[in-house]
Protein chains: 4
Amino acid sequence: MSAKTTATLLITCRDQKGLVAAVSDFLYRNEGNITHADQHTDKERAIFLQRVEWELDGFRVPREGIADAFRPLAERFDMTWTLHFSDEVPRIAILVSKLPHCLYDLLARWRLGELDAEIPMIISNHDDARPIAESFGVEYQVLPVSAESKARQEAQIDELIARERIDLIVLARYMQVLSAEFCERHANRIINIHHSFLPAFAGARPYHQAHERGVKVIGATAHYATPELDQGPIIVQDVARVSHRDSVEDLVRMGKDLEKVVLARAVDLHLRHRVIVYGNKTAIFD
Amino acid sequence: MSAKTTATLLITCRDQKGLVAAVSDFLYRNEGNITHADQHTDKERAIFLQRVEWELDGFRVPREGIADAFRPLAERFDMTWTLHFSDEVPRIAILVSKLPHCLYDLLARWRLGELDAEIPMIISNHDDARPIAESFGVEYQVLPVSAESKARQEAQIDELIARERIDLIVLARYMQVLSAEFCERHANRIINIHHSFLPAFAGARPYHQAHERGVKVIGATAHYATPELDQGPIIVQDVARVSHRDSVEDLVRMGKDLEKVVLARAVDLHLRHRVIVYGNKTAIFD
Amino acid sequence: MSAKTTATLLITCRDQKGLVAAVSDFLYRNEGNITHADQHTDKERAIFLQRVEWELDGFRVPREGIADAFRPLAERFDMTWTLHFSDEVPRIAILVSKLPHCLYDLLARWRLGELDAEIPMIISNHDDARPIAESFGVEYQVLPVSAESKARQEAQIDELIARERIDLIVLARYMQVLSAEFCERHANRIINIHHSFLPAFAGARPYHQAHERGVKVIGATAHYATPELDQGPIIVQDVARVSHRDSVEDLVRMGKDLEKVVLARAVDLHLRHRVIVYGNKTAIFD
Amino acid sequence: MSAKTTATLLITCRDQKGLVAAVSDFLYRNEGNITHADQHTDKERAIFLQRVEWELDGFRVPREGIADAFRPLAERFDMTWTLHFSDEVPRIAILVSKLPHCLYDLLARWRLGELDAEIPMIISNHDDARPIAESFGVEYQVLPVSAESKARQEAQIDELIARERIDLIVLARYMQVLSAEFCERHANRIINIHHSFLPAFAGARPYHQAHERGVKVIGATAHYATPELDQGPIIVQDVARVSHRDSVEDLVRMGKDLEKVVLARAVDLHLRHRVIVYGNKTAIFD
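Below or above, wherever it landed, is the structure these notes cover.

## A closer look at the packing of helix H3 (residues 101-111) of chain B against helix H8 (residues 248-271) of chain B
Residue and element names in this part refer to chain B.
Okay, so step 1: Put simply, H3 and H8 touch, their axes get as near as 9 Å, and they point 45° apart. In terms of orientation, H3 lies oblique with respect to H8. You can see that H3 and H8 cross each other, and the crossing is right-handed. Contacts between H3 and H8 pair His101, Cys102, Asp105, Leu106 and Arg109 from the former with Lys256, Glu259, Lys260, Val261, Leu263 and Ala264 from the latter.
Okay, so step 2: Partitioned by chemical class, the residues of the contact of H3 with H8 number 5 nonpolar, 1 polar and 5 charged.

Structure below.
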């Protein structure tokens with residue numbers, strides 16, 4: 001939104017005294033104009049997490065020198081950290097199978113300027129969504145997959161991702177289980193939407209499971225994909241009320257709106273560097 | 001609320017043509033003034049469910065003759081049905097262990113006239129909640145329980161329930177697993193509050209499980225107790241948003257409010273004959 | 001969803017005994033297979049509302065004779081009623097100004113087969129959304145409007161609506177106030193989305209008003225347009241939590257998702273004949 | 001919850017560079033073990049808000065010297081600030097009229113140890129709630145009020161408040177409008193519960209207004225009382241879905257649960273020093 005370019009630091013380290021003082025002093029000494037700062041201490045695990053964003057304009061350290069300037073401080077506290085600039089636009093590849101509502105929603109938001117990203121590539125194991133991709137002018141790659149061909153197909157995905165310098169993979173109702181190796185290669189860079197409030201109804205056909213169980217609330221969960229199916233760090237969840245009147249088809253229909261909004265919100269938080277993963281959880285600095 | 005006494009029929013049967021016509025004709029011919037009517041057809045299972053409530057005042061069949069007058073119709077359609085009168089006040093026994101917030105909440109609602117019931121008895125496996133029972137003038141029975149004594153303790157509960165002519169047993173954070181036999185003896189007459197959005201986090205310590213999993217939503221579930229732990233028909237569920245900032249203690253604190261409201265709502269729906277159980281589900285006619 | 005064609009009656013009349021019996025008897029005598037029936041009595045105003053839907057297949061009265069067959073019963077009870085067939089596809093005109101997110105969302109749902117309607121026409125007072133209309137292959141009419149030209153512009157809208165045999169006008173963030181005459185001509189056939197939880201923040205710039213007031217919840221409201229601005233019968237409302245951290249821009253961003261979902265849900269309910277307007281309210285039979 | 005005593009600073013000042021650095025440096029130099037820190041900058045108004053909490057144990061400045069030690073820094077940045085210690089238990093007076101559900105709820109939470117406060121006094125313009133006060137062993141003062149006697153009655157309230165060294169006045173459905181002078185004398189120390197989602201349905205009989213308007217969502221709002229009725233800074237809001245089936249009595253019944261939870265949450269946030277008022281808004285650091 002803001003016209004001014006900002007830098008953002010995402011920091012994780014063991015909890016220690018003086019962390020906030022050190023980071024804020026680093027920015028103050030260099031005349032950084034902070035636009036957002038938030039931190040969290042997980043007391044149980046003694047982990048400190050921080051997000052701080054400031055304007056490049058007026059900052060005494062030139063953009064290309066910031067990482068070097070910050071490194072001594074980071075080493076003193078043994079920090080894990082990443083540095084991002086708001087004018088670097090992340091590149092997304094969307095993976096989809098047959099149901100296109102999440103794909104369509106992401107493309108519409110992108111077209112309307114709501115997602116601060118490029119979407120150069122859609123990959124699918126089916127041809128169905130090609131017309132949608134074409135109507136948005138996005139390259140559409142069909143990579144069919146079977147149990148035998150999975151390794152080869154994932155290698156092809158990797159090639160496309162490398163070729164397009166993809167930063168984030170979004171599984172927009174991609175109904176294939178990715179291999180543990182693929183998930184690990186792209187750790188914290190794959191966002192999946194699961195159509196239930198996890199951990200309830202993991203796995204296949206969650207709306208059928210929910211209808212069978214007679215729940216009064218359904219949900220959707222956006223999470224980072226990890227080798228354990230539907231077990232990765234949760235980014236966003238939302239729910240909707242249902243009743244005995246709602247058939248499975250009603251749940252599917254209502255669920256689509258949940259899925260779209262939850263996935264889009266998670267992607268947006270990730271793109272704006274608002275998410276830090278620690279353990280199997282996320283801290284959301286919104 | 002209404003000063004006028006009403007009769008309520010709860011009907012379940014195989015779906016057939018003419019059901020609504022027959023029931024509404026029965027009431028119309030006898031000049032019944034209907035105050036609430038609702039029905040539901042589960043198409044999948046071909047089950048028809050109906051709730052209909054009408055004023056006794058002006059109804060041509062005298063109160064004590066209504067069951068007999070309705071029986072031929074019920075037999076024609078092979079209905080399972082119950083008949084209730086609004087001036088018959090159900091009697092509740094509350095079972096509680098150590099955490100008293102749900103107990104306290106139910107007693108306060110009862111005292112303030114919000115629950116249309118009598119509460120003549122509180123049963124616990126601990127002495128802790130006795131002062132609360134006494135401050136409300138309700139009999140408090142302590143029946144300690146161990147693995148060996150469970151059968152005997154449940155027999156004692158049965159005696160108290162029989163003695164007090166209890167219609168509904170409310171498990172207000174009663175932390176003992178009731179035997180399958182006990183659940184079956186009191187089928188659809190035991191309401192339990194579970195402190196998670198089932199089926200997620202069934203069993204022990206759900207807030208710890210939720211915190212460990214890093215969910216963004218917690219919940220509470222009121223359901224009828226059945227032999228399978230935490231698997232009975234769900235009556236009411238509600239949820240609250242949480243974040244990485246919330247400790248287990250925070251979840252417990254926020255969860256208490258959910259538990260109280262969800263349990264009270266379920267008890268109130270049951271007392272007002274708004275719930276029909278079918279299969280492992282409920283239809284809520286509110 | 002269902003392949004079978006159904007008829008739906010929407011009925012409003014003064015509350016009287018025997019209404020449900022008479023309607024259900026009419027269907028039963030003619031061997032109607034009821035797929036949905038719901039009714040509501042507004043005790044205060046003594047108004048009875050009913051929705052009943054049944055399969056044409058097997059019904060003894062042929063489709064073109066149903067209205068005539070029902071009329072005597074309707075006259076006996078002095079009913080206001082409409083009859084709809086599920087294979088008659090309503091036709092929608094969307095009016096939009098500059099913000100296209102609701103327009104885009106409706107078109108995407110339509111394209112994905114989620115809305116049971118035709119959308120032959122988009123009308124705007126600006127040229128901005130033309131590329132969107134074109135990408136969906138929908139005619140786009142620009143009818144600029146000023147205080148002086150409003151009457152003439154609305155006459156042009158009327159012409160287009162007549163030409164295209166439009167059944168429903170959807171104001172998808174159309175930022176012009178329609179004349180009382182226009183609203184009355186199309187009573188209960190114009191659905192507007194207002195970006196607040198009415199009656200809070202009626203009128204202009206509701207997100208600014210909400211931010212200024214420091215509310216912790218924002219909302220969106222879909223309602224039928226009436227001569228009194230933002231005062232018409234409410235169909236759907238939904239809300240989202242906000243905090244002091246959220247700027248006006250954040251509220252606008254979060255609000256867009258609310259607006260899209262609320263408007264789409266209201267349009268869908270209307271299209272499936274699930275809404276009855278009475279007084280300045282709606283009954284939603286979902 | 002925590003056994004360790006903490007100090008909490010609530011800070012408001014004009015936004016300036018170096019604020020976070022200065023405060024965190026102050027704590028770091030004195031070996032403060034921070035348990036919670038959060039800040040917010042209102043960019044529009046250029047206001048900086050901060051909450052920071054740390055353990056007294058191990059802090060180099062003795063408790064009684066902290067204010068003096070912090071003062072120079074506060075003066076340098078022209079801060080408005082307050083300092084609180086977690087072992088100082090705030091004292092609450094509850095004002096109530098006839099409807100006792102919020103009163104009862106607060107007393108039950110207090111009794112169960114959920115509210116970190118003393119409640120030495122209940123004041124009412126009616127005698128109705130006396131038995132409740134007595135069952136909790138709390139002094140109950142009846143101060144009837146009429147248009148003519150309002151000034152005198154408020155003077156009596158002031159006396160009781162002074163005598164009991166009250167820190168917080170909670171209006172738990174107190175149906176009298178307090179004078180502007182009284183509100184100003186106790187600015188940011190009076191929490192009121194209003195039974196609607198303000199600014200909708202300010203003033204009298206909000207559930208009747210909501211029913212009349214046909215809204216699909218009702219709400220409750222806890223806010224600080226200011227001279228303008230129902231216009232003060234909002235602390236907590238929550239909502240519940242309603243439908244055309246719900247009578248005014250249903251709204252009242254559902255609303256009671258909203259009111260209780262919203263008021264209790266607001267009181268709890270205030271007691272734990274999680275609220276900063278600025279302009280006519282609140283920042284909630286939870």
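## Digging into the relation of the copies chain C and chain D
Okay, so step 1: Structural alignment of chain C on chain D gives an RMSD of 0.0 Å, achieved by rotating through 180° and translating 0.0 Å along the axis. The transformation relating the two chain copies, once decomposed into turn and shift, fits a two-fold axis. Measuring from the rotation axis to each C-alpha of chain C, the shortest distance belongs to C:Ala200, at 2.2 Å.

## A closer look at the relation of the copies chain B and chain A
Okay, so step 1: Laying chain B over chain A is done by rotating through 180° and shifting 0.0 Å along the axis; what remains is an RMSD of 0.0 Å.
Okay, so step 2: By residue overlap, the copies meet face to face through one surface: 100% of the interface positions of chain B are interface positions in chain A.

## So, the environment of A:Pro100
All names here are of chain A.
Okay, so step 1: Its location among the elements puts Pro100 in the loop between strand E5 (91-96) and helix H3 (101-111).
Okay, so step 2: When its relative accessible area of 18% is taken as the criterion, Pro100 is described as buried.
Okay, so step 3: Each C-alpha atom, one on Pro100 and one on Gln237, is 20 Å from the other, the two residues being 137 residues apart in sequence.

## Notes on the pairing of strand E11 (residues 234-241) of chain D
Residue and element names in this part refer to chain D.
Okay, so step 1: Among the 8 residues in E11, 6 count as buried, and that is most of the element.
Okay, so step 2: Summarising the sheet, strand E10 (residues 217-224) and E11 pair through 7 bridges and their orientation is antiparallel. Opposite Ala222, over in E11, you have Val236 as the bridge partner.

## Comments concerning the interface of chain C and chain D
How big an interface is tends to be stated in terms of the accessible area lost upon association of its parts.
Okay, so step 1: Chain C puts 36 residues into the contact, and the matching count from chain D is 36 residues.
Okay, so step 2: For the pair chain C and chain D, the summed buried area comes to about 3000 Å², and 47% of that belongs to carbon and sulfur atoms.
Okay, so step 3: A per-residue breakdown of the area chain C buries against chain D is headed by C:Arg213, C:Lys216 and C:His244, which together make up 24% of the total.
Okay, so step 4: Our count for the contact surface shared by chain C and chain D stands at 6 salt bridges.
Okay, so step 5: Residues C:Asp238 and D:Arg241 are paired through a salt bridge, measuring 2.8 Å at the closest nitrogen-oxygen approach.
Okay, so step 6: The tally of links from chain C across to chain D stands at 24 residue pairs in polar contact (both at pLDDT 80 or more).
Okay, so step 7: Looking at the side of chain C that touches chain D, the elements with two or more residues in it are strand E2 (33-42), helix H7 (206-213), strand E11 (234-241) and strand E13 (281-284) of chain C.
Okay, so step 8: Broken down by class, the residue content of the side of chain C that touches chain D amounts to 15 nonpolar, 10 polar and 11 charged.

## Overview of the packing of aromatic side chains
Okay, so step 1: Under the criterion given, the structure shown has 30 aromatic pairs over all chains.
Okay, so step 2: Consider the rings of A:Phe70 and A:Trp81, whose centres lie 5.2 Å apart with planes at 70°: the pair is edge-to-face. Of this pair, A:Phe70 sits in helix H2 (residues 66-76) while A:Trp81 sits in strand E4 (residues 80-85), and the two are 11 residues apart along the sequence.
Okay, so step 3: Aromatic pair B:Phe26 and B:Phe70: ring centres 5.4 Å apart, planes at 65°, arrangement edge-to-face.

Definitions and limits used
- Residues numbered from 1 in each chain as written.
- Chains lettered and ligands numbered in written order.
- Predicted model: local features only at pLDDT ≥ 70, side-chain atom pairs only at ≥ 80, totals over all residues.
- Heavy atoms only, no water.
- Axes fitted to C-alpha atoms, helices over the stretch in contact; angles between N-to-C directions.
- Helix = DSSP H or I, 4+ residues; strand = E, 2+ residues; numbered from the N terminus.
- Parallel < 35°, antiparallel > 145°, perpendicular 65-115°, else oblique.
- Left-handed = near helix turned anticlockwise from the far one by under 90°.
- Contact = heavy atoms within 4.5 Å.
- Nonpolar A, V, L, I, M, F, W, Y, C, P; charged D, E, K, R; others polar.
- Least-squares fit on C-alpha atoms with pLDDT ≥ 70 in both.
- Buried < 20%, exposed > 50% of the residue type's maximum accessible area, 1.4 Å probe, protein only.
- Pairing = 2+ DSSP bridges.
- Buried area = accessible area lost by both parts, 1.4 Å probe.
- Salt bridge = Lys/Arg side-chain N within 4 Å of Asp/Glu carboxyl O.
- Polar contact = N/O pair within 3.5 Å; in protein donor to acceptor, adjacent residues only side chain to side chain.
- Phe/Tyr/Trp six-rings, centres within 6.5 Å; stacked < 30°, edge-to-face > 60°.

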